[in-house]
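# Examination of the molecular architecture
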Amino acid sequence: MAGVQWHYVLKFIITGDAAVGKSSLLVRLTDQRFLANPDPTLGVEFGSKLITIPEENKIVKLQCWDTAGTESFRSITRSYYRGAAGCLLVYDVTNRQSFLNARSWLADVREHADPHLTCILVGNKIDLCSDESSSAAAGKRKREVSTEEAELWAQEEGLLFVEASAKSGENVEAAFERATRNILDKVHRGV
Ligand code: GDP
């Protein structure tokens, strides 16, 4: 691979309700850090990251776009979705409403994005419910969406699914990697 910077460039978009952790997932992916109190008005808009898919011997450049605070206006335009190969549809596992609202975010994606786009449902903030029995004592919020329920909905909708934590870093890179593998698979199959 000498001299090769990357083999593919893929655009990813990150959608979901405000405060589910979209910017935090992006910062974790690109900068390996977590901000406990990010400025909500200054959402991170863009980040890029090189990932390697070893079994393919390929380097992929991910260009990731976050909705950066525009969720409440529902003003996300077609241009945001244009050319996207992957989408992270994020909800907060401790906030049931954010999971229910994922349906309308998915409808938006389906309306505006390429029909072949790979979408991965990401249940974020699992660090808040890692130990359910002691979570109340530790002042942690309780899980409001079970893994099984989310997995079932993801299956029904043909979405990939993972639970993650931008705070601990668990499964963040893995979420992007799974979606990337799925996209490359479609490329190979000529989809
Ligand atoms: P966005 O509006 O969807 O971009 O959400 P942010 O990334 O701004 O995060 C909203 C709040 O949730 C912030 O206070 C973050 O620090 C917090 N947060 C984000 N991800 C996680 C996570 O995985 N675990 C925990 N405990 N808090 C998180």
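Residues numbered from 1 in each chain as written. Predicted model: local features only at pLDDT ≥ 70, side-chain atom pairs only at ≥ 80, totals over all residues. Heavy atoms only, no water.

### A few points about the packing of helix 3 (residues 96–112) against helix 5 (residues 147–157)
The packing of two helices is summarised by the inter-axis angle and the distance between the axes. Their axes nearest at 12 Å, the elements helix 3 and helix 5 cross at an angle of 10°. Taken as axis vectors, helix 3 and helix 5 run roughly parallel relative to one another. Helix 3 and helix 5 meet at a crossing whose hand is right-handed. Mapping the contact onto sequence places R96, F99, A102, R103, L106 and R110 in helix 3 and E149, A150, W153 and E157 in helix 5. (Axes fitted to C-alpha atoms, helices over the stretch in contact; angles between N-to-C directions. Helix = DSSP H or I, 4+ residues; strand = E, 2+ residues; numbered from the N terminus. Parallel < 35°, antiparallel > 145°, perpendicular 65-115°, else oblique. Left-handed = near helix turned anticlockwise from the far one by under 90°. Contact = heavy atoms within 4.5 Å.)

### Describing the packing of helix 1 (residues 22–31) against helix 6 (residues 172–188)
Contact pair helix 1 / helix 6: the axes reach a minimum separation of 9 Å and the direction vectors enclose 90°. Compared by their axis directions, helix 1 and helix 6 come out roughly perpendicular. Contacts from L25, R28 and L29 in helix 1 reach V172, E173 and F176 in helix 6.

### A look at the pairing of strand 4 (residues 84–92)
Among the 9 residues in strand 4, 9 count as buried, and that is most of the element. Strand direction decides the pairing type here: strand 1 (residues 8–16) and strand 4, joined by 6 bridges, are parallel. By the bridge assignment for strand 4, G16 is matched with V90. Across 7 bridges, the pairing between strand 4 and strand 5 (residues 118–124) is parallel. Following the sheet pairing, L88 is matched in strand 5 by I120. A crossover links strand 4 with its parallel partner strand 5, the connecting element being helix 3, and its sense is right-handed. (Buried < 20%, exposed > 50% of the residue type's maximum accessible area, 1.4 Å probe, protein only. Pairing = 2+ DSSP bridges. Right-handed = clockwise from strand over helix to strand, strands pointing away.)

### With respect to the nonpolar core
Ranked by internal contacts, the top residues of the largest apolar core, which has 27 residues, are F12, L62, L88, I120, V122 and F176. For this core, the secondary-structure elements that each account for two or more residues are strand 1, helix 1, strand 2 (46–53), strand 3 (58–66), strand 4, strand 5, strand 6 (160–163) and helix 6. Considering each element in turn, this core owes the most residues, 6 residues, to helix 6. Not counting chain neighbours up to four residues away, the residues in contact with I120 comprise C87, L88, L89, L160, F161, V162, A175, R178 and A179. (Core = buried A, V, L, I, M, F, W, Y, C linked by side-chain atoms within 4.5 Å.)

### Regarding the packing of aromatic side chains
By convention here, two paired aromatic rings are described through the distance between centres and the angle between planes. Under the definition given, this model contains 4 aromatic pairs. Geometrically, the ring pair formed by F12 and F176 is tilted, given 5.6 Å between the ring centres and 50° between the ring planes. One end of the pair, F12, is in strand 1; the other, F176, is in helix 6, with 164 residues separating them in the sequence. You'll find F12 and F176 in the same group, each marked buried. Clustering of aromatic rings is evident, with ring pairs tying together Y91, F99 and W153. One cation-aromatic arrangement involves R103 over F99; the distance from NZ or CZ to the ring centre is 5.0 Å. It is R103 that lies over the ring of W153; its NZ or CZ is 4.6 Å from the centre. (Phe/Tyr/Trp six-rings, centres within 6.5 Å; stacked < 30°, edge-to-face > 60°. Lys NZ or Arg CZ within 6 Å of the ring centre and 35° of its normal.)

### Re the site of the ligand
The environment of the ligand is formed by 20 residues, the closest being A19, K22, S23, S24 and D127. A36 places a polar main-chain atom, nitrogen or oxygen, 3.0 Å from an oxygen atom of the ligand. For the ligand, whose unbound accessible area comes to 580 Å², protein coverage reaches 83%. Looking at which element gives the most residues to the shell around the ligand, the answer is helix 1, with 3 residues. A per-class count over the shell around the ligand returns 9 nonpolar, 5 polar and 6 charged. (Near = heavy atom within 4 Å. Polar contact = N/O pair within 3.5 Å; in protein donor to acceptor, adjacent residues only side chain to side chain. Areas by Shrake-Rupley, 256 points an atom, 1.4 Å probe, with all protein chains shown as cover. Nonpolar A, V, L, I, M, F, W, Y, C, P; charged D, E, K, R; others polar.)

### Side note on helix 1
Judged by how many residues are buried, helix 1 sits mostly within the fold: 7 of 10 residues are covered. Buried residues along helix 1 sit against strand 1, strand 2, strand 3, strand 4, strand 5 and helix 6.

### Considering the side chain of T94
Note that T94 resides in the loop between strand 4 and helix 3. Since its relative accessible area comes to 0%, T94 is described here as buried. Side chain to side chain, T94 and D92 meet in a polar contact 2.8 Å long. Sequence-distant contacts of T94, that is, excluding residues within four places in its chain, are made with K125, L128, R141, K142, R143 and E144.

Note that all results are geometric; they support no functional claim without further evidence.
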